[in-house]
Every structure is written in C-alpha cells, then in structure tokens.
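Residue-level structural notes
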Amino acid sequence: MPSAIEDSAVTVVDVAICGGGPTGLTTALLLERLGVTTCVIDAKSASLELGRADALNARTQQYLEVADLLSELLPQGITCNTSSTFGDGEFISRQNQWWASLEHTLHKNFLMIGQPVIEKMLAEKLGDVVHYGEQVTSICEDEDGVDVVTSSGRKIRGKYALGADGARSMVRKAIGATFTGTKPEMLWAVLDTFIDTDFPRCPEIITFQLNGQSRVSWIPRERDLCRFYVLLEGEVSLPLAQQSIKDHMAPHKVDFTKTEWYSTFDVKERIASTFLSKDGAGRIFLGGDAAHVHSVNGGQGLNTGIADAFSLAWRIAMVINQPSLDKEAARKVLLSYDTERRSTAQGVIDVAAALVRDTVREAKTYVGTIQKNAGYITGMGVSYEACGSPLVQQSEHGIWKAGFRCPDMIVKSASGEERRLYSQATYGKYLLLSVGKVQATTDSDHPITRYSILPDGASSDEKEENMYTADWATADDVFSVVVRPDMYIAFVSKDIAACESHINGVFS
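Now for a quick tour of the structure.

Scoring rules and cut-offs
Residues numbered from 1 in each chain as written. Predicted model: local features only at pLDDT ≥ 70, side-chain atom pairs only at ≥ 80, totals over all residues. Heavy atoms only, no water. Pairing = 2+ DSSP bridges. Helix = DSSP H or I, 4+ residues; strand = E, 2+ residues; numbered from the N terminus. Axes fitted to C-alpha atoms, helices over the stretch in contact; angles between N-to-C directions. Parallel < 35°, antiparallel > 145°, perpendicular 65-115°, else oblique. Contact = heavy atoms within 4.5 Å. Nonpolar A, V, L, I, M, F, W, Y, C, P; charged D, E, K, R; others polar. Left-handed = near helix turned anticlockwise from the far one by under 90°. Salt bridge = Lys/Arg side-chain N within 4 Å of Asp/Glu carboxyl O. Buried < 20%, exposed > 50% of the residue type's maximum accessible area, 1.4 Å probe, protein only. Expected span 1.5 Å × (residues − 1). Disulfide = S-S within 2.5 Å.

1. Observations regarding the sheet that holds strand β18 (residues 269–272)
- Pairing is antiparallel across the open sheet formed by 3 strands, whose spatial order is β12-β18-β20. Two strands lie at the open edges of the sheet, namely β12 (179–182) and β20 (292–293), each paired on one side alone.
- Both β18 and β20 contribute to a ladder of 2 bridges, which runs antiparallel. Looking across to β20, one finds that I271 is bridged to H292.

Here it is in structure tokens:
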C-alpha cells in the first residue's frame with residue numbers, strides 16, 4: 001500500500017471508520033462479516049503494543065462468543081471473579097457474590113487480558129482494511145453519504161461513518177456535538193509491571209487500604225504481568241507510584257523487576273450530546289471514547305466501547321443490506337442506537353464516578369459501591385427497557401423480559417448433545433424462539449433465524465434445521481421470544497403471530 005494516495009483516487013466503501021481502537025476495529029470486523037465494506041483509519045503507527053484497558057467483563061465475553069472471537073482470547077488471558085481488600089498487613093475481606101450469583105451465562109468472571117492483545121487479533125483479521133499512520137483531517141456529509149480525507153491525501157467516500165477516534169475526537173467536533181460533564185481533581189498513575197514479592201499472589205483484584213483510604217489497586221494480568229492503579233496527592237511520578245505500592249503492600253516486600261508501561265490519567269466524566277449527526281438524522285455515528293469518557297474504575301471503558309460496536313454494526317448492516325427498507329424504518333433503526341447507547345453511557349459514567357470518589361474512603365465502602373453497581377461492572381445488568389427505544393416492546397414471560405439480555409439457556413440437539421444458545425447464535429440476524437411446541441410461521445425475507453425448543457423427550461413430525469429440546473421448556477407453557485442481533489430481547493408473547501408482527505414493524 002503506498003504511503004500517499006493520489007488526489008484523484010477515492011476509496012469507496014459502505015462505512016468509513018475513523019479510529020482503530022477496539023470500538024472501531026470491532027465494528028469494522030462485524031460489518032465485514034455481514035458483507036458491509038469498511039475502511040479503518042488510525043493515527044497510530046501500528047496496532048497498540050502496550051498499556052490501556054485490561055479486562056473483558058461477562059457481557060463482552062458473551063458478545064465475542066456470538067462473534068466467534070472469544071475462543072481465541074480465552075487461552076491468552078486469566079479469569080478473575082473475586083475482589084479482595086487488604087490493609088494493616090492482612091486480607092480484610094474477599095467477595096465474589098456479584099459474579100457467582102449471575103444466572104444463565106457461562107463466563108461468570110472478568111477475563112483479564114490487555115487491550116494490545118485484543119487489537120492485534122482484530123487488526124490481523126481485518127488485514128488491509130486498516131490503515132495506520134493516517135490522521136483524519138476532515139469529514140463531512142451530504143444526503144447520500146460521507147466524505148473523509150486523511151493526512152496522507154486519502155479520500156474515502158462512504159454511505160456512513162463512525163467516529164471512534166478517542167476522547168479528543170475530531171469527528172465529534174466536526175458534527176458539532178458537545179462534550180460536557182465533570183472533571184474531579186484526581187490524577188492517577190497506572191503501570192504494567194513485573195514484580196518480585198513475598199505477597200501471597202492470587203488471581204484476584206485487590207484493593208489496598210492505608211490510613212482509611214483505598215488508593216492502590218492491583219489487577220492480575222496475563223504473562224504474570226501486574227497492573228497497578230495508584231492515586232497520589234501532589235506530584236505524580238513512577239518512583240512515587242512505586243513507593244506508594246510498597247507502602248500499601250507492607251509488611252510484604254516488593255521489588256519492581258521490569259515496568260513495561262507507565263502513564264498518568266486525570267479523571268474526566270463526559271458524554272457527547274448526540275451519538276448521531278444532524279440531531280439523529282445524519283450518517284455519522286460516535287462510539288467508544290469519542291462518545292463517552294469516565295474513570296477506569298470498574299473496568300467499563302473497553303467493554304462499553306465494544307458494546308457500542310455490537311449495538312451499531314447490525315443496525316448499519318441491516319439498513320445497507322436491505323435496500324428495500326422503508327426510509328422511516330431505516331431511520332428508526334439507526335436512531336435507536338443513539339437512544340439506547342447514550343442512556344447506557346450515562347449509567348456507566350455515573351457508576352464510574354461513584355467508584356472513583358470512593359477511593360478516598362475505606363475499602364469496605366469502595367467494595368460496597370462495586371456490589372451495588374455490579375450490573376454495570378459485569379455488563380449483565382445493562383438493559384434498554386426504560387430508555388424509550390422503538391426496538392423494544394414492553395413485554396415479559398418469566399425470565400424473558402424485553403429490553404434485557406437474552407438468557408444463555410442450555411438446549412439439546414437431536415443427538416442429545418447439550419449446547420448453549422449463545423454458542424448457536426450468529427451475529428447479525430434476529431432470532432425467533434418458539435418455546436414449548438413447533439409453531440407455524442410465515443415466510444419472510446427479513447434476516448431471521450428461527451429456533452423451535454421443545455420439552456425434553458418431545459418429538460415432532462416436522463423436521464426443522466434448528467429444532468432443540470430443553471428441560472426448561474414445557475408443553476403447557478408455550479410462548480415465543482424475539483431476540484435482536486445484539487442478543488437483547490425485543491418482544492415476548494404467547495402468540496407467535498404477535499412476534500412476527502413486531503419484527504415486521506422493525507422493517508416497515
């Protein structure tokens with residue numbers, strides 16, 4: 001690929017993506033797999049090598065499983081589902097109830113793994129779709145598409161664009177979105193380091209208490225790497241951060257054998273006024289740090305950005321791949337991204353804000369705040385039932401509730417092999433689950449996969465490709481569930497015709 005592009009050359013794609021971090025790369029890969037062409041521009045010289053985010057929560061692991069990406073990451077990370085507090089030379093508490101109590105999911109833990117590992121995997125799968133070492137210098141839109149120009153002279157024409165270009169987003173400024181919020185006076189040091197210590201090492205997130213405050217946290221990482229977050233007063237430097245760690249871990253000795261990465265960050269809590277240009281009528285989206293920033297407490301940044309990608313990609317793909325889609329229906333589908341993700345981002349910011357402010361309190365208080373807000377930290381409690389999304393129709397049946405994540409239920413194939421719903425699902429299509437009996441459905445050109453889930457031991461004269469049995473299905477409790485491509489429940493009803501009507505309403 002030449003380092004500079006001739007002025008006359010225009011790269012024509014479906015979606016131009018500004019920013020090659022986890023949000024941009026994930027969106028691009030999901031779109032490409034759905035037949036939507038992309039071009040990713042990133043100012044870095046190459047994929048991230050060190051630092052940044054350090055954990056995938058339970059919901060993100062579910063997303064990555066549906067996208068057939070998780071199995072590649074699992075062997076490279078370590079699982080962690082326990083938070084501990086340490087002070088005065090001993091462990092004060094250990095707790096994991098907010099993980100252990102999760103229902104209908106396989107991965108009840110964080111997967112501790114560095115952002116560079118994730119970016120490298122995504123970039124390698126995308127190949128020459130990603131262009132590093134180029135800065136987006138301008139972006140504008142008209143009724144039919146978006147034009148992007150880069151520092152190398154590359155010109156890109158896309159039907160849509162995503163600004164995933166970080167907290168200082170050029171794209172956000174270009175669409176005129178404001179970025180307001182608060183900025184508590186806190187400056188943190190963060191380091192990825194290898195240590196020699198007689199401290200009892202364990203795969204737990206440890207919060208250290210000293211003088212009634214909780215200013216140091218130790219995050220276990222792959223390769224025996226240690227991630228430390230340190231809140232200092234006054235001057236902030238690597239030597240001062242290392243000394244603070246030693247003070248908090250006393251009486252155990254700590255020697256820093258090699259520090260791979262050191263940085264500082266001041267806490268900002270901001271959200272864009274819109275995640276879609278032209279007050280929701282445009283073609284330029286925002287995601288990741290370009291749309292929302294907050295403290296690292298709770299490990300929600302990377303996870304929220306990846307959730308943005310899974311929320312957005314299927315919507316754009318649906319609109320592009322369904323050219324007969326009514327214009328108003330297309331607008332409804334796209335605008336619902338802003339409705340759902342902006343409300344979620346505000347919730348994430350509020351939780352992170354509460355956590356970061358509790359670092360100057362006792363560890364017990366900090367852990368209590370984690371437990372109170374576990375739904376966001378695990379990702380499993382994020383829901384859309386109350387945000388006014390047009391793609392969620394209020395309804396419920398037992399554990400199946402519109403606007404909430406789809407339970408990852410166990411089903412059995414015709415051979416009796418147990419499988420999980422998420423391992424069978426394919427990202428990009430709606431699911432229509434018929435539970436209790438096989439129900440007649442009408443043919444449709446919409447992207448839908450139909451599952452019939454019968455009671456254990458039941459048989460049917462009808463042979464369907466996606467027919468399963470389950471011990472939680474019963475013949476006297478027949479119902480149907482519409483599950484969106486991002487594995488959130490859209491609608492539940494005892495009447496399958498009502499479910500089909502809901503799906504038809506999305507496309508018209």
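From this point, things continue past the structure.
2. Brief notes about the packing of helix α8 (residues 301–321) against helix α9 (residues 327–357)
- Between α8 and α9, the least distance of the axes is 9 Å, while the angle of their chain directions is 175 degrees. Comparing their axes, α9 and α8 come out roughly antiparallel. Seen from α8, the contacting residues are T304, A307, D308, S311, L312, R315, I316 and V319; seen from α9, they are A330, V333, L334, S336, Y337, E340, R341 and V348.
- Split by residue class, the contact of α8 with α9 holds 9 nonpolar, 3 polar and 4 charged.

3. Some remarks on the packing of helix α2 (residues 58–66) against α8
- Across the interface, α2 lies against α8 with an axial gap of 10 Å and an inter-helix angle of 40 degrees. In this structure, α2 crosses over α8, and the sense of that crossing is left-handed. Note on element contacts: α8 touches α2 through N303, I306, A307 and F310, opposite T60, Y63 and L64.
- Of the residues assigned to the contact of α2 with α8, the class counts are 5 nonpolar, 2 polar and no charged.

4. Side note on the pattern of salt bridges
- Counted according to the given criterion, the structure contains 29 salt bridges.
- Here K159 makes a salt bridge to D14, at a shortest N to O gap of 3.2 Å. Taken together, the residues K159 in strand β11 (residues 155–163) and D14 in strand β1 (residues 10–18) connect sequence positions 145 residues apart.
- On the basis of relative accessibility, which here comes to 11%, the residue D14 falls in the buried class.
- With a shortest N-O distance of 3.7 Å, K44 and E119 are connected by a salt bridge. Of this pair, K44 sits in the loop between β2 (38–42) and β3 (55–56) while E119 sits in helix α5 (residues 115–126), placing them 75 residues apart in sequence.
- Residue classification places K44 among the partly exposed positions, given a relative accessible area of 25%.
- Salt bridges sharing common partners tie together D54, D192, R221, E222 and R227.

5. Here's the deal with the pairing of strand β6 (residues 90–95)
- Sheet analysis places strand β5 (residues 83–87) next to β6, joined by 5 bridges and oriented antiparallel. Bridging across to β6, S84 finds its partner in R94.
- The loop that links β5 with its antiparallel partner β6 comprises 2 residues; one of these, D88, has a positive phi angle of about 55 degrees.

6. Here we look at α8
- With 21 residues, α8 extends 30 Å from end C-alpha to end C-alpha; this agrees with the ideal 30 Å at 1.5 Å per step.
- Taken across its 21 residues, α8 has 19 buried, putting it largely inside the fold.

7. Things to note about the pairing of strand β26 (residues 448–455)
- For β26, the buried fraction is high: 7 of the 8 residues fall into the buried class.
- Pairing geometry for strand β25 (residues 430–435) and β26, over 6 bridges, is parallel. Opposite S434, over in β26, you have S452 as the bridge partner.
- Summarising the sheet, β26 and strand β27 (residues 467–470) pair through 4 bridges and their orientation is parallel. In the strand pairing of β27, L454 is matched with T469.

8. Remarks on the state of the cysteines
- As enumerated under the stated definition, the model contains 0 disulfides in all.
- Here C18 is not disulfide-linked; the sulfur of C39 is the nearest cysteine sulfur, at 8.9 Å.
- Residue class for C18 comes out buried when judged on its relative accessible area of 1%.
- Here C499 is not disulfide-linked; the sulfur of C406 is the nearest cysteine sulfur, at 13 Å.

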